[in-house]
Amino acid sequence: MSLIPQLLGGEILDPFLSLINKCPVLNTPTDWKETPNAHIFVADLPGLTKDDVKVEVVEGRVLEISGERKNVDDDVEKNDKSSGGGSSTTTPHDTWHRVERCRGKFHRRFKLPENAKVDEVKASMENGVLTVTIPKREVKKPGRKLVQIE
């Protein structure tokens, strides 16, 4: 039997969940696939809309995906103000017993290769999945040059 649950008051914690909650970057999984014609990034951003996410190319060759997952109470206040109150599922008298879904700002950066056409980046978002497509250009490989020996 491990001593860790005893040291934590008997509660068994999932170390991976603890790490995710402390590090929002781990809660923004992103795949990067290279095809013959493009670099494609796919990021899972459940519960977010395109207005919650920003996609930029910075420093000439760095793809930056950032945004913020709002707190549940922030969403409730916004809904109460826009609907005149009353239709919310959370009230000021509610007690939260567990909050495991990560909230707050997230920020991912990817250094793009030389063949990325950074001026032709396209992004779309559907059902909480962001897809960023960056076309590729052909990069000429250095050829051989015969050097005369004197």
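Remember, predicted model here, so these are calculated numbers, not experimental data.

## A look at the environment of G47
1) Next: Inspection of the secondary structure assignment puts G47 in the loop between strand 2 (38-44) and strand 3 (53-58).
2) Next: The sequence separation of G47 and R69 amounts to 22 residues, and the corresponding C-alpha distance is 8.2 Å.

## Focus: the confidence of the model for the protein chain
1) Next: Taken residue by residue, the protein chain gives an average pLDDT of 79. The fraction at 70 or more is 69%.
2) Next: The low-confidence segment residues 1-7, where pLDDT is below 50, has four contacts with residues more than four positions distant or belonging to other chains.

## Notes on the sheet that holds strand 1 (residues 30-34)
1) Next: Reading across from one edge, 1-2-7-6 is the order of the four strands in this open sheet, with antiparallel pairing throughout. On the outer flanks of this sheet lie strand 1 and strand 6 (122-126), each paired with one strand and no other. Here the strands of the sheet are splayed against their neighbours by 15° on average, with no regard to which way each runs.
2) Next: As paired elements, strand 2 and strand 7 (residues 129-135) share seven bridges and run antiparallel to each other. Bridge pairing in strand 7 links A43 to L130.

## What about unusual backbone geometry?
1) Next: One non-glycine residue, E59, lies in positive phi territory at about 55°.
2) Next: Along the chain, E59 falls in the loop between strand 3 and strand 4 (62-69).
3) Next: Residue E59 is classed as exposed on the basis of its relative accessible area, which comes to 65%.
4) Next: The phi dihedral of N127 falls on the positive side, at around 55°, and the residue is not glycine.
5) Next: Topologically, N127 is positioned in the loop between strand 6 and strand 7.

## Some points on the sheet that holds strand 5 (residues 104-111)
1) Next: The strand order across the open sheet built from three strands is 3-4-5, with neighbouring strands paired in antiparallel fashion. In this open sheet, the two strands that pair with only one neighbour each are strand 3 and strand 5. On average, each strand axis in the sheet is tilted by 15° relative to the strand beside it, whichever way the strands run.
2) Next: Two strands pair when backbone bridges link them, and strand 3 and strand 4 are joined in this way by six bridges, in the antiparallel orientation. The partner of E56 across the bridge, within strand 4, is E64.

What counts and what doesn't
Residues numbered from 1 in each chain as written. Predicted model: local features only at pLDDT ≥ 70, side-chain atom pairs only at ≥ 80, totals over all residues. Heavy atoms only, no water. Helix = DSSP H or I, 4+ residues; strand = E, 2+ residues; numbered from the N terminus. pLDDT = per-residue confidence, 0-100. Contact = heavy atoms within 4.5 Å. Pairing = 2+ DSSP bridges. Axes fitted to C-alpha atoms, helices over the stretch in contact; angles between N-to-C directions. Buried < 20%, exposed > 50% of the residue type's maximum accessible area, 1.4 Å probe, protein only.

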